[in-house]
Amino acid sequence: MTGILENPPGVGHNQPEAEGAEKENQHWERWAKKRTFVRALEGTYSHLYKSLIDQPRVFSSKDVPWKGGPGHYGKSVISPQAVNITQSIESHIEAYAPMASGQKHGHLNSAVFYVLKGRGHDVHDGRHIPWKAGDVMLVENACVHQHFNDDPNEEAMLLVFKAKPLFLFMHLLFQKIVEWPSKIPPKGAENYQPPSDL
């Protein structure tokens, strides 16, 4: 434990560069913009209860624009910044062009992926895990992972659920991008666009 307090931390997770990779990857809004992780719950019990009861329960993913590209896109439908009814979970949709992959990253929270369409594989801490439409895949807490679409002709679609806001509220903050998604589209998928009906 020696040296921990004597040596100030360098640039890293808790002291990121002001003009770092997040600025370069601003088309991925969820990594680059200021976000709300936990909202204040204010008021009397009766007023707070009524305001939460009156919130909508159905949200259309079509109302949320896709972000990212050129081979990997996402949209966050349910999160503390988007809806008032919950702040302990988030849900987003990911679309992968044929043969595309997402970012290599890790986070303390676990995640559940429902494979809506396509086939591919994940790498979790170096372990190869295949998946296909209809499968439900788990990403365990704190593993470094990456998602890959293995189909040369068809897109892959994933629906993701996380308790990330709850983890962040408990100060389990560590989130790390190890490798950003490619800025070059996969060969043959140069004009890929995610579905407009989802």
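What the protein contains, in helices and strands, is four helices and eleven strands. Across the 198 residues in the protein, those meeting the buried criterion constitute 36%. Intrachain contacts of the protein at a sequence separation of at least 6 include 72% that bridge at least 24 residues. Carbon and sulfur atoms provide 57% of the accessible area of the protein, an area that totals close to 12000 Å².

What follows deals with a nonpolar patch on the surface. On the surface, a cluster of nonpolar side chains totalling about 520 Å² of accessible area is made up of Phe 37, Val 38, Leu 166, Phe 169, Met 170 and Leu 172. The class of Phe 169 is exposed, set by a relative accessible area of 56%.

Before going further, it helps to spend a moment on the confidence of the model for the protein. Residues at a pLDDT of 70 or more form 83% of the protein, whose mean pLDDT is 84. When the criterion is pLDDT under 50, residues 1–5 qualifies, and its contacts beyond four places in sequence or with other chains add up to zero contacts. Low pLDDT, under 50, characterises residues 9–14; the predicted model gives this stretch seven contacts beyond four residues in sequence or across chains.

Excluding glycine, residues mostly have negative phi values, and the peptide bonds linking residues are mostly trans. Along the chain, Gly 69 connects to Pro 70 via a cis peptide bond; the corresponding omega equals 5°. For Pro 70, the position within the fold is in the loop between strand 1 (67–68) and strand 2 (72–78). One non-glycine residue, Met 99, lies in the positive phi region at around 65°. Structurally, Met 99 is set in the loop between strand 3 (90–96) and strand 4 (104–107). Even without a glycine there, the phi angle at His 171 is positive, about 70°.

A word on the pairing of strand 10 (residues 156–162). Counting buried positions along strand 10 yields five of seven residues, so the element is predominantly enclosed. Sheet topology places strand 3 next to strand 10; seven bridges connect them, and they run antiparallel. Across the sheet, residue Tyr 96 finds its bridge partner in strand 10, namely Ala 156. Sheet analysis places strand 5 (residues 111–117) next to strand 10, joined by six bridges and oriented antiparallel. Bridging from a neighbouring strand, Val 112 pairs with Phe 161 of strand 10.

Moving on to the pattern of salt bridges. For the structure shown, the criterion picks out five salt bridges. For Asp 151, the salt bridge is made with Arg 119, and the minimal N-O distance between the two is 3.6 Å. With Asp 151 in the loop between strand 9 (144–149) and strand 10 and Arg 119 in strand 6 (residues 119–124), the pair connects residues that are 32 residues apart, well separated along the chain. Residue Asp 151 is classed as buried on the basis of its relative accessible area of 13%. A salt bridge links Lys 132 to Asp 135, with the nearest nitrogen and oxygen atoms 3.3 Å apart. When its relative accessible area of 23% is taken as the criterion, Asp 135 is described as partly exposed.

A few words now on the nonpolar core. Core analysis: the largest hydrophobic core is formed by twelve residues, namely Trp 66, Tyr 73, Val 77, Ile 78, Val 83, Ile 93, Ala 95, Ala 97, Ala 100, Met 157, Ala 189 and Tyr 192. Elements represented by at least two residues in this core include exactly strand 2 and strand 3. With three residues, strand 2 is the single largest residue contributor to this core. The contacts of Ile 78, once residues within four sequence positions are left out, are Phe 59, Val 83, Thr 86, Ile 89, Glu 90 and Ser 91. With eleven residues, the next largest nonpolar core counts Tyr 96, Phe 113, Val 115 and Leu 158 among its residues.

Rules and cut-offs
Residues numbered from 1 in each chain as written. Predicted model: local features only at pLDDT ≥ 70, side-chain atom pairs only at ≥ 80, totals over all residues. Heavy atoms only, no water. Helix = DSSP H or I, 4+ residues; strand = E, 2+ residues; numbered from the N terminus. Buried < 20%, exposed > 50% of the residue type's maximum accessible area, 1.4 Å probe, protein only. Contact = heavy atoms within 4.5 Å. Areas by Shrake-Rupley, 256 points an atom, 1.4 Å probe, with all protein chains shown as cover. Patch = residues over 30% accessible without salt bridge, like charges linked within 9 Å, V, L, I, M, F, W, Y side chains within 5 Å. Salt bridge = Lys/Arg side-chain N within 4 Å of Asp/Glu carboxyl O. pLDDT = per-residue confidence, 0-100. Pairing = 2+ DSSP bridges. Core = buried A, V, L, I, M, F, W, Y, C linked by side-chain atoms within 4.5 Å.

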